[in-house]
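Okay, here's what each chain looks like letter by letter:
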Amino acid sequence: MLIGTLFALAAGLMWGLVFVGPLLLADYPAVMLSFGRYLAFGLIALPLAWFDRAALRQLSRADWLEALKLSLVGNVIYYLCLSAAIQRAGGPLPTMIIGTLPVVIAICANLRAGGQGVTSERLPWARLAPSLGLIALGIALVNRTELAQLQADPHADLARYALGALLAIGGVICWTWYPLRNADWLRAHADRSPRTWATAQGLATLPMALIGYAGTWLYFSATDAPWAMPLGPRPLPYLGLMFAIGLFASWLGTLCWNEASQRLPPHLAGQLIVFETLSALSYAYLLRGEWPAPATLAGVALLIGGVMWALRVKPEPPAIAEPAPH
């Protein structure tokens with residue numbers, strides 16, 4: 001449990017970096033950030049795959065198809081939604097919406113518990129409800145602070161802010177599906193290395209990122225978009241940030257998360273995504289060069305309190321059906 005929690009903490013600290021990219025490269029469209037990041041991830045995975053070639057050969061066609069699905073939803077589509085959300089609504093609100101993942105995943109894991117192919121235990125619904133309320137209130141406080149700042153700005157675009165919130169919700173949907181499905185595979189293949197599975201997802205991401213990047217290039221050319229392809233107006237910062245995020249957030253973060261997922265039950269591992277939220281908020285305010293407003297700090301405290309409450313709830317073993325009387 002302790003080692004699994006430390007791996008989840010390490011993954012959260014590195015995943016917080018993905019919220020920094022859209023802020024540092026605010027002049028780059030979301031498609032360039034998503035496809036650039038995962039193109040870097042795939043290229044990083046190539047030399048790593050050489051060292052893992054024997055283990056990778058043991059993966060079946062079904063395993064590779066699963067890696068492709070996980071990479072598409074949990075990597076490409078998720079980061080498209082997230083980066084577009086941050087560029088439209090700023091850093092704090094999308095971060096807090098993504099911060100609902102711990103409890104959203106706990107709820108979904110609960111609903112799946114006992115289903116076909118799922119062996120995880122249930123959390124008592126009545127004891128999980130307070131954590132849901134605390135997290136909802138925390139998001140409301142942060143949202144209220146950000147809206148107040150927007151209303152005070154005569155040039156603010158409320159429709160753009162609302163679209164950013166909707167895109168962040170799309171990211172929540174993607175990353176609710178990903179860890180549950182990923183944990184299913186890892187638990188069903190406990191003899192496989194989490195490192196190999198992280199590399200396999202990188203390899204599966206590479207062709208999608210190549211196609212997406214090429215498609216973006218063709219689209220910009222066909223529409224005469226004022227954009228300097230292939231690397232945009234700031235090639236060196238773009239390349240450096242994409243490869244840094246590809247290495248630390250994508251490959252190493254996925255490796256740490258896989259290690260945590262093999263050691264922790266799904267409802268607990270999902271709740272520890274709070275480390276990503278806290279890291280991302282810290283990075284966002286460091287970039288702003290300011291302290292969070294008191295309401296934002298209160299919202300963060302409520303978020304932490306909600307997740308800590310959920311962590312205290314002990315799961316219930318699946319009910320065993322009584323034998324039918326003869």
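Structure report, in brief. (Residues numbered from 1 in each chain as written. Predicted model: local features only at pLDDT ≥ 70, side-chain atom pairs only at ≥ 80, totals over all residues. Heavy atoms only, no water.)

Counting its regular elements, the chain contains 14 helices and zero strands. Traced from its N-terminal end to its C-terminal end, the chain shows the element sequence α-α-α-α-α-α-α-α-α-α-α-α-α-α. Out of the 326 residues belonging to the chain, those deemed buried represent 50%. A sequence separation of at least 24 residues applies to 87% of the contacts in the chain between residues at least 6 apart. About 15200 Å² of surface is accessible on the chain, with carbon and sulfur atoms providing 70% of the total. (Helix = DSSP H or I, 4+ residues; strand = E, 2+ residues; numbered from the N terminus. Buried < 20%, exposed > 50% of the residue type's maximum accessible area, 1.4 Å probe, protein only. Contact = heavy atoms within 4.5 Å. Areas by Shrake-Rupley, 256 points an atom, 1.4 Å probe, with all protein chains shown as cover.)

So, about the packing of helix 1 (residues 2-15) against helix 11 (residues 235-263). A pair of packed helices can be characterised by two numbers: the angle between their axes and the separation between those axes. Where helix 1 contacts helix 11, the axes come no closer than 8 Å and their chain directions differ by 155°. As the angle between them shows, helix 1 and helix 11 are arranged roughly antiparallel. The way helix 1 lies across helix 11 gives a crossing that is left-handed. In this structure, helix 1 uses Ile3, Gly4, Phe7, Ala8, Ala10, Ala11, Met14 and Trp15 to contact helix 11, whose residues at the interface are Phe248, Ala249, Leu252, Gly253, Thr254, Cys256, Trp257, Glu259, Ala260 and Arg263. Here the contact of helix 1 with helix 11 is built from residues that sort into 13 nonpolar, three polar and two charged. (Axes fitted to C-alpha atoms, helices over the stretch in contact; angles between N-to-C directions. Parallel < 35°, antiparallel > 145°, perpendicular 65-115°, else oblique. Left-handed = near helix turned anticlockwise from the far one by under 90°. Nonpolar A, V, L, I, M, F, W, Y, C, P; charged D, E, K, R; others polar.)

With that settled, consider the side chain of Asp63. Checked against the element boundaries, Asp63 lands in helix 5 (residues 61-89). Among the polar contacts made by the side chain of Asp63, one reaches the main-chain amide nitrogen of Ser60 at a distance of 3.0 Å. In this structure Asp63 touches Trp185, His189, Arg192 and Trp197, once residues within four positions along its chain are discounted. (Polar contact = N/O pair within 3.5 Å; in protein donor to acceptor, adjacent residues only side chain to side chain.)

Under the definition given, this model contains ten aromatic pairs. Pairing Trp15 with Trp257 gives two aromatic rings, centres 5.3 Å apart and planes at 45°, and the pair type is tilted. Taken together, the residues Trp15 in helix 1 and Trp257 in helix 11 connect sequence positions 242 residues apart. Neither residue differs from the other here; Trp15 and Trp257 are each classed as buried. For the pair Trp175 and Tyr178, a centre-to-centre distance of 4.9 Å together with 40° between the ring planes defines the contact as tilted. Taken as a pair, Trp175 and Tyr178 lie in helix 9 (residues 158-188) at a separation of three residues, close to a single helical turn. Here the two residues Trp175 and Tyr178 agree in accessibility, since each one is buried. (Phe/Tyr/Trp six-rings, centres within 6.5 Å; stacked < 30°, edge-to-face > 60°.)

This part is about helix 1. End to end, helix 1 covers 20 Å across 14 residues, agreeing with the expected 20 Å (1.5 Å per residue, within 8%). Three or more residues of helix 1 are buried, namely Gly4, Ala8, Ala11, Gly12, Met14 and Trp15. For helix 1, the arc enclosing every buried residue in end-on projection is 165°, short of the 170-degree limit, so these residues lie on one face. (Expected span 1.5 Å × (residues − 1). Arc of directions from axis to C-beta.)

This brings us to the environment of Ala260. Structurally, Ala260 can be placed in helix 11. C-alpha of Ala260 to C-alpha of Ala183: the two residues are 77 residues apart in sequence and 9.4 Å apart in space. Not counting residues within four places of it along the chain, the set of residues in contact with Ala260 comprises Gly4, Phe7 and Ala8.

Within the structure shown, the criterion is met by six salt bridges. Between Asp27 and Arg234 there is a salt bridge, and its shortest N-O distance comes to 2.7 Å. On the criterion of sequence distance, the pair formed by Asp27 in the loop between helix 2 (21-24) and helix 3 (30-51) and Arg234 in the loop between helix 10 (194-222) and helix 11 is long-range, its members being 207 residues apart. According to the relative accessible area criterion, Asp27 is partly exposed, its value standing at 35%. Salt-bridge contacts for Asp52 lead to Arg195; the nearest nitrogen and oxygen are separated by 2.7 Å. Of this pair, Asp52 sits in the loop between helix 3 and helix 4 (53-57) while Arg195 is found in helix 10, placing the two residues 143 residues apart along the sequence. On the basis of relative accessibility, which here comes to 6%, the residue Asp52 falls in the buried class. Its relative accessible area of 38% is what places Arg195 among the partly exposed residues. The structure contains a network of salt bridges with shared partners spanning Asp63, Asp191 and Arg192. (Salt bridge = Lys/Arg side-chain N within 4 Å of Asp/Glu carboxyl O.)

This part is about the nonpolar core. Judged by nonpolar contacts, the single largest core of 69 residues is most densely connected at Phe19, Met32, Leu82, Trp175, Trp197 and Trp257. Contacts of Phe19, omitting those with residues within four sequence positions, involve Tyr78, Leu82, Ile86, Thr95, Ile98, Glu276 and Ala280. Counting eleven residues, the second largest nonpolar core, distinct from the first, contains Met96, Val142, Leu281 and Val307. (Core = buried A, V, L, I, M, F, W, Y, C linked by side-chain atoms within 4.5 Å.)

This next bit is on unusual backbone geometry. A cis amide bond links Met229 to the next residue, Pro230, at an omega of 15°. Take Pro230: it is sitting in the loop between helix 10 and helix 11.

In total, this model carries zero disulfides according to the counting rule given. The thiol of Cys81 is unpaired, and the distance to the nearest cysteine sulfur, on Cys174, comes to 5.0 Å. (Disulfide = S-S within 2.5 Å.)

Across its 29 residues, helix 5 extends 40 Å between first and last C-alpha, which sits within 8% of the 42 Å expected from 1.5 Å per residue. Its axis deflected by about 35° at Tyr78, helix 5 carries its strongest bend there. Trailing helix 5 by a residue or two, Gly90 shows a phi angle of about 85°, which is positive. (Bend = angle between axes of the 7 residues up to and from the residue.)

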